[in-house]
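# Structural characterization, general
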Amino acid sequence: MRSVPERDAACAIAQAAAVVGDWWSLLLIRETARGHHRFDALQEELGISRKVLTERLAHLVGTGVLEKVPYQDRPVRHEYRLTESGRGLLPVLLSMQDWADRWVFGDGSLTGTADEASAEARRVADLTGERLPRLELPGHRDGAPVDPVAGGAATVLFCYPATGAPSPLPDNWSDIPGTIGCTLENRLFREAYGHFRAAGAEVHGVSTQRPDEQRAFAAQENIPFPLLSDVDLRLAAALRLPTFRAGQLLRLKRAVLVVDRDRVVRHARFPVTDIPAAVAEALALVRRLAEEG
């Protein structure tokens with residue numbers, strides 16, 4: 001936590017680095033986005049000393065990135081939540097994650113998928129048993145906020161990079177591994193939607209496209225389930241979902257999650273190399289969950 005030297009007083013990069021350029025500060029933003037809000041939980045997740053944690057939390061509250069919210073009266077205890085300013089940093093974190101997945105863990109190739117032994121695949125596999133924090137994403141129908149987890153026995157969240165309608169896809173889109181099949185995936189979930197509903201499950205498609213783009217696609221393809229826009233990368237940050245950059249935008253890599261009514265991830269499939277098999281796998285799992293009650 002450094003003060004900005006006078007020569008950089010007008011440099012926004014330097015000013016931002018003074019607020020969030022510290023290792024622990026960045027990881028605290030990461031953890032609050034993941035749903036860890038209380039002091040002890042943050043300390044456990046990060047393995048940080050109480051002194052350093054206290055200092056970093058005070059700094060982030062003082063700069064308006066976090067706010068203290070009381071959750072207990074006697075004695076008074078607080079938890080730490082991202083402000084609007086703090087949520088504005090989520091694309092920064094996801095850009096850093098995307099850069100490291102490509103250039104640190106990967107070989108620099110641009111790809112919309114990953115190897116099954118990759119760091120990205122391990123992160124997604126580790127989501128099983130984790131709880132999705134409460135958040136809302138704009139829905140395609142009217143842009144109103146929608147909880148990604150519906151109230152039924154289970155919710156299937158399938159993430160996809162982008163559909164080619166109504167907006168054209170970036171140049172050389174089909175040359176990027178893992179991008180082809182988004183319309184097919186939506187159609188397959190559409191065809192199986194009645195079976196998912198019969199098993200007490202809801203289906204939500206998620207991309208980083210705008211709600212108006214999703215609305216036009218849903219009307220064209222008669223999509224019966226909600227398409228959710230993660231344009232602000234809130235879900236991607238909460239789950240550290242794999243992304244890639246194409247057409248100057250971060251896109252979600254294809255993944256399928258099954259979340260139960262308690263918001264616990266029960267199934268996480270990434271990479272998705274066989275879309276029909278991934279749909280069938282998700283349906284089989286929600287049927288098992290329905291049998292379990």
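No experiment lies behind these values; they were computed from the predicted model shown.

All chains considered together, the criterion is met by seven aromatic pairs. Between F158 and F189, the aromatic rings sit 4.3 Å apart at their centres with planes inclined by 15°, giving stacked as the arrangement. Of this pair, F158 sits in strand β5 (residues 154–159) while F189 sits in helix α8 (residues 182–198), and the two are 31 residues apart along the sequence. The ring of Y71 has R38 lying over it, and the distance from NZ or CZ to the ring centre is 3.6 Å.

Time to look at helix α2 (residues 23–33). By the criterion of burial, α2 is predominantly enclosed, with eight of the 11 residues buried. Every buried residue of α2 is listed here: S25, L26, L27, L28, I29, E31, T32 and A33. Regarding α2, its N-cap is D22, as a side-chain oxygen of that residue lies 2.9 Å from the backbone nitrogen of W24 further along.

Judged by nonpolar contacts, the single largest core of 48 residues is most densely connected at I29, L57, V206, L235, L241 and L257. Those residues in contact with L257 that lie beyond four places of it in its chain are V124, L127, T155, V156, L157, L239, L241, H267 and A268.

Turning our attention to the pairing of strand β8 (residues 243–246). The side chains of a regular strand alternate, first on one face of the sheet and then on the other. Of the strand pairs in this sheet, β8 and strand β9 (residues 249–252) are connected by four bridges, and their pairing is antiparallel. By the bridge assignment for β9, A246 is matched with L249. Hairpin connection between β8 and β9: a loop of two residues separates the two successive antiparallel strands, and G247 in this loop has a positive phi of roughly 60°.

To continue, consider the layout of surface pockets. Approximately 540 Å³ is the volume found for the largest pocket. Together, 18 residues line the largest pocket, and L27, R30, L93, M96 and Q97 are the ones closest to its centre. When contributions to the lining of the largest pocket are tallied by element, the ones reaching two or more residues are α2, α6 (90–103) and α7 (119–125). Of the residues belonging to the lining of the largest pocket, the class tally is 13 nonpolar, one polar and four charged.

A separate point is a nonpolar patch on the surface. Taken together, the side chains of W99, W103, V104 and F105 make up a nonpolar region of the molecular surface, amounting to roughly 500 Å² of accessible area. Within the element layout of this structure, W99 appears in helix α6.

Turning our eyes to something else, we now look at helix α1 (residues 12–20). Taken together, the buried positions of α1 are A14, A18 and V20. Lining the buried residues of α1 we find α2 and α4 (50–62).

Here the focus is the pattern of salt bridges. Applying the stated criterion across every chain, the model contains 22 salt bridges. As a salt-bridge pair, R263 and D147 come within 2.9 Å of each other at their nearest N and O atoms. Of this pair, R263 sits in the loop between β10 (255–260) and β11 (265–269) while D147 is found in the loop between β4 (145–146) and β5, placing the two residues 116 residues apart along the sequence. The exposure class of R263 is buried, given its relative accessible area of 6%. For D147, a relative accessible area of 22% corresponds to the partly exposed category. Between E221 and R187 there is a salt bridge, and its shortest N-O distance comes to 2.8 Å. With E221 in helix α9 (residues 211–221) and R187 in helix α8, this pair connects stretches of sequence that are 34 residues apart. Its relative accessible area of 7% is what places E221 among the buried residues.

Helix α11 (residues 275–292) packs onto α8 with a crossing angle of 25° between their chain directions and a minimal axis gap of 10 Å. Taken together, α8 and α11 sit at an angle that is classed as roughly parallel. α8 and α11 meet at a crossing whose hand is right-handed. Of α11, the residues touching α8 (which contributes L184, E185, L188, F189, A192, H195 and F196) are I275, P276, V279, A282, L283, V286 and R287. Split by residue class, the contact of α8 with α11 holds 11 nonpolar, one polar and two charged.

For the rest of this paragraph, the subject is unusual backbone geometry. Cis geometry marks the peptide bond from A165 to P166, where omega comes out at 5°. Relative to the assigned elements, P166 resides in the loop between β5 and α8. The omega torsion of the bond from F270 to P271 falls at 0°, within 30 degrees of zero and hence cis. Checked against the element boundaries, P271 lands in the loop between β11 and α11. For R263, which is not glycine, the phi dihedral falls at a positive 70°.

Analysis parameters
- Residues numbered from 1 in each chain as written.
- Predicted model: local features only at pLDDT ≥ 70, side-chain atom pairs only at ≥ 80, totals over all residues.
- Heavy atoms only, no water.
- Phe/Tyr/Trp six-rings, centres within 6.5 Å; stacked < 30°, edge-to-face > 60°.
- Helix = DSSP H or I, 4+ residues; strand = E, 2+ residues; numbered from the N terminus.
- Lys NZ or Arg CZ within 6 Å of the ring centre and 35° of its normal.
- Buried < 20%, exposed > 50% of the residue type's maximum accessible area, 1.4 Å probe, protein only.
- Polar contact = N/O pair within 3.5 Å; in protein donor to acceptor, adjacent residues only side chain to side chain.
- Core = buried A, V, L, I, M, F, W, Y, C linked by side-chain atoms within 4.5 Å.
- Contact = heavy atoms within 4.5 Å.
- Pairing = 2+ DSSP bridges.
- 1 Å grid on protein atoms, 1.4 Å probe; cavity = no way out; pocket = protein on both sides within 12 Å on 5 of 7 lines; lining within 4 Å.
- Points joined across faces, edges and corners; volume = space filled by probe spheres on them.
- Nonpolar A, V, L, I, M, F, W, Y, C, P; charged D, E, K, R; others polar.
- Patch = residues over 30% accessible without salt bridge, like charges linked within 9 Å, V, L, I, M, F, W, Y side chains within 5 Å.
- Areas by Shrake-Rupley, 256 points an atom, 1.4 Å probe, with all protein chains shown as cover.
- Salt bridge = Lys/Arg side-chain N within 4 Å of Asp/Glu carboxyl O.
- Axes fitted to C-alpha atoms, helices over the stretch in contact; angles between N-to-C directions.
- Parallel < 35°, antiparallel > 145°, perpendicular 65-115°, else oblique.
- Left-handed = near helix turned anticlockwise from the far one by under 90°.

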